[in-house]
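# Working through the structure, step by step
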Amino acid sequence: QEGLVTTEATRRARFRRHLPFTLFTTALALLAVALARPSAELTLPQREGTLVIAIDVSNSMAARDVTPTRIAAAKAAARTIVEQQPSTIKIGLVAFGGSAITVLRPTDVKKEALAAIDRLSVSGGTSLGQGLYTSLSTIAGKPLVFDEDALSSDGATVNIGFFPASAIVMLSDGENTERPDPVKLAELSSGAGVRIDT
């Protein structure tokens, strides 16, 4: 029985003797992990993309058959579209008549988009094709270069890139009166993964 007590006492003494070393080693290991700054990458789904609003600013948009005018109605619709977009969607603005211009490059600042819409005024004829061409260039971030005559009826002969998270909303009152052919450009847009809503 005396041997048992001695063995138990010896075990406790060894444990007490090794306890500080064990705690010190554990603390060093935790410190090393903390200094390594472990991190993990998490992939979370997020809606993001580019939306270009193309607004017809031809002379016919000044007509008063819509209260107060067609252009005012188009601007109101464009404002609503902008306000409904999540902050991860970049919004660009194209004004088109006989020609087209990028009024606002895609931005996630809604105030800039709304201010650009308010500044639009009417003039000229209607070229839906120019509106689509400039909208596609705005999405691509550079002027697109291609020969309109090289476009087949399905737009398949020209590769402008692929932009699946992009869309164009076209607000217009009239039919196309000038080149390029909007149907060919719509097909080209479809081949590039860009959806067009009117």
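Quick summary incoming for the structure in this document. For clarity, every value in this text was computed on a predicted model and none was experimentally measured. (Residues numbered from 1 in each chain as written. Predicted model: local features only at pLDDT ≥ 70, side-chain atom pairs only at ≥ 80, totals over all residues. Heavy atoms only, no water.)

A few words now on helix α4 (residues 128–140). Here α4 contains 13 residues, and its C-alpha end-to-end distance of 18 Å stays within 8% of the 18 Å for a straight helix at 1.5 Å per residue. For α4, a buried count of 11 out of 13 residues is recorded, marking the element as mostly surrounded by other parts of the structure. Turning to α4, its buried residues are Leu 128, Gly 129, Gly 131, Leu 132, Thr 134, Ser 135, Leu 136, Ser 137, Thr 138, Ile 139 and Ala 140. Among the structural elements, β1 (49–56), β2 (89–96), β3 (100–107), β4 (166–171), α5 (182–191) and β5 (195–197) are those in contact with the buried residues of α4. Gly 141 occupies a position one or two residues after α4 and carries a positive phi of about 80 degrees. (Helix = DSSP H or I, 4+ residues; strand = E, 2+ residues; numbered from the N terminus. Expected span 1.5 Å × (residues − 1). Buried < 20%, exposed > 50% of the residue type's maximum accessible area, 1.4 Å probe, protein only. Contact = heavy atoms within 4.5 Å.)

Per the counting criterion, the structure on display carries four salt bridges. The network of salt bridges with shared partners includes Asp 65, Arg 70 and Asp 173. (Salt bridge = Lys/Arg side-chain N within 4 Å of Asp/Glu carboxyl O.)

Across the sheet, which stays open at both edges, the five strands sit in the order β3-β2-β1-β4-β5 with mixed pairing between neighbours. Whereas interior strands pair on both sides, the edge strands pair on one side only; in this sheet they are β3 and β5. With direction set aside, neighbouring strand axes in the sheet form an average angle of 15 degrees. Here β1 runs beside β2; their pairing, made up of eight bridges, is parallel. Paired with Thr 50 across the strands is Lys 90, a residue of β2. Strands β1, β2, β3, β4 and β5 of the sheet are contacted by α4, whose axis makes an angle of about 150 degrees with β4. (Pairing = 2+ DSSP bridges. Axes fitted to C-alpha atoms, helices over the stretch in contact; angles between N-to-C directions.)

The next thing to look at is the pairing of β3. Along any regular strand the residues' side chains alternate between the sheet's two faces. The pairing of β2 with β3 spans five bridges and is classified as antiparallel. Within the sheet, the bridge partner assigned to Ala 95 lies in β3 and is Ile 101. The loop that links β2 with its antiparallel partner β3 comprises three residues.

Here we come to unusual backbone geometry. Looking along the chain, the bond that leaves Thr 67 and enters Pro 68 is cis, with omega of -10 degrees. Within the secondary structure layout, Pro 68 lies in the loop between β1 and α2 (70–84).

Attention now goes to the pairing of β1. With respect to burial, β1 is a largely interior element, eight of its eight residues being buried. By the alternation rule, side chains of β1 split into Gly 49, Leu 51, Ile 53 and Ile 55 and Thr 50, Val 52, Ala 54 and Asp 56, which are all buried. On the question of chirality, the crossover connecting β1 to the parallel β2 by way of α2 is right-handed. Summarising the sheet, β1 and β4 pair through six bridges and their orientation is parallel. In the strand pairing of β4, Leu 51 is matched with Ala 167. (Right-handed = clockwise from strand over helix to strand, strands pointing away.)

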